[in-house]
Amino acid sequence: MNQLIEQGHLPITDKEEELRQGMDTHVTKATKLVEALWQIPSQLGVPITLDVNSALLMKSDINTKLKVQPGIFREDRNNQNVKNVDCEVKSDQAIALQLVGKMSVDCHVVKSGVALNAMMNTAFPVSGKMSVNLENKKQ
């Protein structure tokens with residue numbers, strides 16, 4: 001994008017070479033799913049406090065390779081038809097979820113309660129290859 005802004009044009013042949021070598025994409029997102037606090041009156045006159053917090057973290061790493069013969073953006077292609085397309089994708093996804101729940105009673109002198117801290121992690125790799133031969137073979 002910087003080349004497009006600075007030079008006024010985008011060299012497509014460079015992008016095709018980057019796809020041949022492999023392009024890496026890294027995405028990380030974090031969000032707070034739940035943040036809540038409740039106070040419930042009790043028969044004893046002291047409130048019961050409920051506190052729930054939850055956070056989610058997602059990470060994705062993707063590597064993509066694409067090879068087209070002859071090159072789609074080559075200037076010397078002379079209207080040749082595409083003969084072969086090879087595509088390879090490798091990706092690793094990871095998700096982490098944390099849930100914290102607290103229930104407490106505060107008597108101004110003594111505070112008592114129960115807490116739950118749960119953590120879930122998962123990771124799953126995905127990869128695939130595809131090759132398409134578009135060349136007409138006459139026998």
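With respect to the secondary-structure elements, Val-68 resides in strand 2 (residues 48-69). Sequence-distant contacts of Val-68, defined by excluding residues within four places in its chain, comprise Glu-16, Arg-20, Val-82, Asn-84 and Val-85.

Inspection of every chain in the model, using the stated rule, returns 3 salt bridges. When the shortest N-O distance is used, the salt bridge between Lys-32 and Glu-35 registers 3.7 Å. Judged by relative accessible area, which is 60%, Glu-35 ranks as exposed. One salt bridge connects Glu-88 with Lys-90, and the closest N-O pair in it is separated by 3.5 Å. What makes Lys-90 partly exposed here is its relative accessible area of 46%.

Moving on, we come to the sheet that holds strand 3 (residues 84-106). Here 4 strands make up an open sheet; going across it, the order is 1-2-3-4 and the pairing antiparallel. The open sheet has two edge strands with one neighbour each: strand 1 (23-40) and strand 4 (111-133). For this sheet the average axis-to-axis angle between neighbouring strands, irrespective of direction, equals 10°. Judged from the 22 bridges that link them, strand 2 and strand 3 form a sheet pairing that is antiparallel. Residue pairing across strands places Ile-62 opposite Ser-91, the latter belonging to strand 3.

Let us now look at the side chain of Thr-49. Tracing the sequence through the fold places Thr-49 in strand 2. Given a relative accessible area of 16%, Thr-49 falls into the buried group. Setting aside chain neighbours within four positions, we find Thr-49 in contact with Leu-37, Trp-38, Gln-39, Lys-102, Met-103 and Ser-104.

Moving on to the side chain of Glu-88. Note on placement: Glu-88 falls in strand 3. Those residues in contact with Glu-88 that lie beyond four places of it in its chain are Asn-63, Thr-64, Lys-65, Gly-128 and Lys-129.

Calculation criteria
- Residues numbered from 1 in each chain as written.
- Predicted model: local features only at pLDDT ≥ 70, side-chain atom pairs only at ≥ 80, totals over all residues.
- Heavy atoms only, no water.
- Helix = DSSP H or I, 4+ residues; strand = E, 2+ residues; numbered from the N terminus.
- Contact = heavy atoms within 4.5 Å.
- Salt bridge = Lys/Arg side-chain N within 4 Å of Asp/Glu carboxyl O.
- Buried < 20%, exposed > 50% of the residue type's maximum accessible area, 1.4 Å probe, protein only.
- Pairing = 2+ DSSP bridges.
- Axes fitted to C-alpha atoms, helices over the stretch in contact; angles between N-to-C directions.

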